[in-house]
Amino acid sequence: MMRDLRLLLWLRWRHLRGRSQWWLFILGVDTEKRSLTETLYGLYLGVILAGWFVLMMAWAANGAFSAGAAAGGAGLSALTQAATLLPFALLAAFAVRALRSSPVKLTFPDTAYVAGSTLDSRAIASSDWAREAIMAAALSAALGYLAGALAFGAGATASAPVTAAGVTALTAVAMHALGWAIGLARMARRPRPWPTLIWVLPIPVAALVLLVPSALRWPGTALATGLLGEEVALHALGLAALAVVGVAMLMRVARRLDMTAVTDESVLFAQLAVFRPMMMYDANAYRDIVRRKKLATKHPRLALAEWSGPWAIVARALISHARQPSTLLWPLIWGVGFLPLAASVALSPTGVLAYLAVLFAVLVAPARQLIHAFGDDIDRPSMRESLPFGNVALLALDTAPAFACMALGAVATGLATGGGGHLVAAISLSLLLAIIVVLCRALERLTLPSMQHPIGSGISLLVCLVAIFFAGASSPIAACATAAVAVGILGSMVEAGRL
């Protein structure tokens, strides 16, 4: 088994090195030339990237510290309470993912040369697990460090960021191993398959943890102790032991792994792996291929409502979202988070750094799903020409479900936070910003008569936000009025746009 594991790890390392060489070539480093100039340039890029990462982490940690200082003791108490639940939430998430589809994923070459070989199934499973566990540990350590900085600002000890990073990484590895063990148990050879909806079970089981007193929620208490910056040596040993137990369980169930079933459930992954390099050249085309491939593996759900006129467009948008529920996730996140945040900063300015942080968050946040149905219409000119609606009317009908999620989220957040003392203005501005974001995304898919190329949504949204922030510095009414004017201008531009 160890010989097979070493062989697979070497193979994964060759794959990683090949991908690294491709990315380095994109950055101008030719790894095949072992000259002093290429080596020095590679070191120069490494120093630049490492410095950028350190500076970004320092900037994020400083922001987390300031937020913790503003929250005070109440914020620290809420953070530690949430920390006691996080490990169980992670375990539920990993288990759901591993139960829905085989945790071991095979590409087409892997299917031919790995699954069809005499390699030990334990080596195949553990090599794939190790690759994912390393990434999970690295990401968890970075997020744990930021959570520790938040706790430090709220009153924890100065060692909180470091201890929180270490404990969070160990927790993620342990929960990841246990989740994989559960998923691999479903893939083991057995006379009768597991129920199809077994992946739902970890969610209510994890919810039962809410009934347990917080002091007894280990390893959640270990994570809370790390956030406080207290002594975590025994907790770290316990988490390491839990990770070892998870790996042992994983190895035991992997002994009876059904590679035929793994291959069957890896077909979609293997197909998408072929198209993954397309992301660099045409991300929209790749996303459309992913969506179509995933839909092809599912049976149609629900039926189109027998509505007529404009309601037929709304019915089509509803059935599209119903068959792809994840398309409503980002509209809800925008309504709950990004829009109220931008509105609060516009109505209660706190400085240039706050403006820059909000601008960065809003401009880089995924917004493609805000116009999911409208984008489908625009991508099919023959269908668009047959629809007897103007661009703005079609946009309003197509985005009605997504906009409803955004509006409900914005209103709920405004009522929960009080709008920073400007409740009506905050909710109104959030709704206006929702319309602005939708119009900016739609304008990106259309070309104005006097232009050869569409206006990027980032540019139009940046101009609108800067104008609203500038007006908000004087009064909330000015911010809302500026947003309303922006809606009118963007609406007229969208109406005048063409395919």
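Residues numbered from 1 in each chain as written. Predicted model: local features only at pLDDT ≥ 70, side-chain atom pairs only at ≥ 80, totals over all residues. Heavy atoms only, no water.

### Description of the confidence of the model for the protein chain
For clarity, the threshold we go by: The predictor attaches a confidence to each residue, called pLDDT, with possible values from 0 through 100. The secondary structure listing takes helices from DSSP runs of H or I that are at least 4 residues long and strands from runs of E that are at least 2 residues long, numbered from the N terminus.
A residue-level look at the protein chain finds 98% of positions with pLDDT of 70 or above and a mean pLDDT of 85. Within the protein chain, the element-level pLDDT minimum falls on helix 11 (residues 283-296), averaging 74, and the maximum on helix 5 (residues 160-186), averaging 92.

### Some points on the packing of helix 5 against helix 8 (residues 233-254)
Applicable threshold: Orientation is described by lines fitted to C-alpha atoms, with helices fitted over the stretch in contact, and by angles between N-to-C directions that extend from 0 to 180 degrees. Orientation is classified from the angle alone, with under 35 degrees giving roughly parallel, over 145 giving roughly antiparallel, 65 to 115 giving roughly perpendicular, and any other angle giving oblique. Should the near helix be turned anticlockwise from the far one by less than a right angle, the crossing is termed left-handed; should it be turned clockwise, right-handed. Whether two residues touch is decided by their heavy atoms; if any such pair falls within 4.5 Å, the residues are in contact.
Where helix 5 contacts helix 8, the axes come no closer than 8 Å and their chain directions differ by 20 degrees. One finds that helix 5 runs roughly parallel with respect to helix 8. Where helix 5 crosses over helix 8, the two elements pack in a sense that is left-handed. Facing helix 5, whose interface residues are Val 167, Leu 170, Thr 171, Val 173, Ala 174, Met 175, Ala 177, Leu 178, Trp 180, Ala 181, Leu 184 and Ala 185, helix 8 presents Ala 236, Leu 239, Leu 242, Ala 243, Gly 246, Val 247, Met 249, Leu 250, Val 253 and Ala 254.

### Structural notes on helix 4 (residues 121-154)
Rule in force here: For a helix, the expected span equals 1.5 Å multiplied by the residue count minus one. Two N or O atoms form a polar contact when they lie within 3.5 Å of each other; inside protein one atom must be a possible hydrogen donor and the other a possible acceptor, and for residues adjacent in sequence the pair counts only when both atoms belong to side chains.
In this model helix 4 runs 48 Å from its N-terminal to its C-terminal C-alpha over 34 residues, within 8% of the 50 Å that 1.5 Å per residue would give. The N-capping residue of helix 4, defined by a side-chain oxygen 2.8 Å from the backbone nitrogen of Arg 122, is Asp 120. Just past helix 4, the residue Gly 155 takes up positive phi, approximately 130 degrees.

### Structural notes on the pattern of salt bridges
Under the convention used in this document: Salt bridges, as used here, are contacts in which a Lys or Arg side-chain nitrogen is within 4 Å of a carboxyl oxygen on Asp or Glu. When a residue's accessible area, from a 1.4 Å probe over protein chains only, is under 20% of the maximum for its type it is buried; when over 50% it is exposed; and in between it is partly exposed.
This model, assessed by the stated rule, comprises ten salt bridges. In this structure, Asp 128 and Arg 131 form a salt bridge, with 3.4 Å as the shortest nitrogen-oxygen distance. Taken together, the residues Asp 128 and Arg 131, both in helix 4 and three residues apart, mark about one turn of the helix. Owing to a relative accessible area of 34%, Arg 131 belongs among the partly exposed residues under this scheme.

### What about the nonpolar core?
It is characteristic of soluble globular proteins that their nonpolar side chains tend to be buried jointly. What counts is decided by this rule: Within this scheme, the nonpolar core is defined by two criteria: the residues are buried Ala, Val, Leu, Ile, Met, Phe, Trp, Tyr or Cys, and they are joined through side-chain atoms within 4.5 Å.
Counting 55 residues, the largest nonpolar core has Trp 334, Leu 429, Leu 433, Ile 436 and Ile 468 as its most contacted members. Listed by contribution, the elements that provide at least two residues to this core are helix 12 (310-323), helix 13 (329-347), helix 14 (352-364), helix 15 (372-378), helix 17 (391-398), helix 19 (423-443), helix 20 (457-472) and helix 21 (476-496). For this core, the element with the highest residue contribution is helix 19, accounting for 13 residues. Counting residues in each nonpolar core, the second largest holds 30 residues, with Ala 115, Val 173, Trp 180 and Leu 250 among its members.

### Quick look at the side chain of His 176
With respect to the helices and strands, His 176 occurs in helix 5. Owing to a relative accessible area of 2%, His 176 belongs among the buried residues under this scheme. The residues contacting His 176, other than those within four sequence positions of it, are Phe 94, Trp 129, Glu 132 and Ala 133.

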